[in-house]
Amino acid sequence: MSGISVNPFGNIYDQTTTSSSATSANRLSDTLSGDLSNASEEELMDVCKEFEAYFVEQVMKEMKKMVPKSEDKDASMGQLRDYFEEEMIQQYAEQAVENADFGIAQTLYEQMKRNYGL
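Quick caveat, the model's predicted, so the values are computed rather than measured.

## Considerations on a negative patch on the surface
On the surface, a cluster of negative charge is contributed by Glu-42, Glu-43, Asp-46, Glu-94 and Glu-98. Looking at the negative patch, the element that brings in the most residues is helix α2 (residues 41-64), giving three residues. Examined against the element boundaries, Asp-46 turns out to sit in helix α2. Since its relative accessible area comes to 45%, Asp-46 is described here as partly exposed.

Shown next, in the form of structure tokens:
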């Protein structure tokens, strides 16, 4: 049975990564597609910051693709590393939005205020 390889983490990793990415995108999509006309200015700004964090996260993920991957012989460890890198990128993006002034959230906020007449 040397031709059969067992990777106990592979399926779990794939489901978790897909679920994590989809959940983040779905939550943002649901919020943005909802009726924000009755939202307070604070709630509107929170939605804009959430969008900015998601955007920064996607940029960081694309940047990560440009870094050459090392040849990792242990597939399960590579998958675990990838999972934690995904989580780390998401956290870095959220912190970057809180600590830096990219201006995306503010611009989006001002546009939404005009659209909703707030």
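## Description of the pattern of salt bridges
Under the defined criterion, the tally for this structure stands at seven salt bridges. Across the pair Glu-41 and Lys-113 runs a salt bridge, and its minimum N-O distance is 3.9 Å. Here Lys-113 lies in helix α4 (residues 104-116) and Glu-41 lies in helix α2, a separation of 72 residues in the sequence. A relative accessible area of 42% places Glu-41 in the partly exposed class. Here Glu-85 and Lys-64 are joined by a salt bridge, their closest N and O atoms 3.1 Å apart. Residue Glu-85 is located in helix α3 (residues 75-99), and its partner Lys-64 is located in helix α2; the two are separated by 21 residues in the primary sequence. The partly exposed category is assigned to Lys-64, whose relative accessible area is 27%. A network of salt bridges, in which partner residues are shared, links Lys-64, Arg-81, Asp-82 and Glu-85.

## Considerations on the environment of Tyr-116
Mapped onto the elements, Tyr-116 comes out in helix α4. As for Tyr-116 and Ser-37, which are separated by 79 residues in sequence, their C-alpha atoms are 5.4 Å apart.

## Thoughts on the packing of aromatic side chains
Any two aromatic rings considered together are summarised by their centre-to-centre distance and by the angle between their planes. Here the structure, examined in full by the defined rule, presents one aromatic pair. When the centroid spacing of 5.2 Å and the interplanar angle of 75 degrees are considered together, the rings of Tyr-83 and Phe-84 count as edge-to-face. For Tyr-83, a relative accessible area of 23% puts it in the partly exposed group.

## Focus on the confidence of the model for the protein chain
Here the protein chain shows a mean pLDDT of 75. Residues at 70 or above account for 69%. Averaged pLDDT values over the elements of the protein chain bottom out at 58 in helix α1 (residues 10-33) and peak at 88 in α2. Between residues 1-10, whose pLDDT stays under 50, and residues either more than four places distant or in other chains, the model counts six contacts.

Rules used in this analysis
- Residues numbered from 1 in each chain as written.
- Predicted model: local features only at pLDDT ≥ 70, side-chain atom pairs only at ≥ 80, totals over all residues.
- Heavy atoms only, no water.
- Patch = residues over 30% accessible without salt bridge, like charges linked within 9 Å, V, L, I, M, F, W, Y side chains within 5 Å.
- Areas by Shrake-Rupley, 256 points an atom, 1.4 Å probe, with all protein chains shown as cover.
- Salt bridge = Lys/Arg side-chain N within 4 Å of Asp/Glu carboxyl O.
- Lys, Arg positive; Asp, Glu negative; His and termini not counted.
- Charge placed at Lys NZ, Arg CZ, Asp CG, Glu CD.
- Helix = DSSP H or I, 4+ residues; strand = E, 2+ residues; numbered from the N terminus.
- Buried < 20%, exposed > 50% of the residue type's maximum accessible area, 1.4 Å probe, protein only.
- Phe/Tyr/Trp six-rings, centres within 6.5 Å; stacked < 30°, edge-to-face > 60°.
- pLDDT = per-residue confidence, 0-100.
- Contact = heavy atoms within 4.5 Å.

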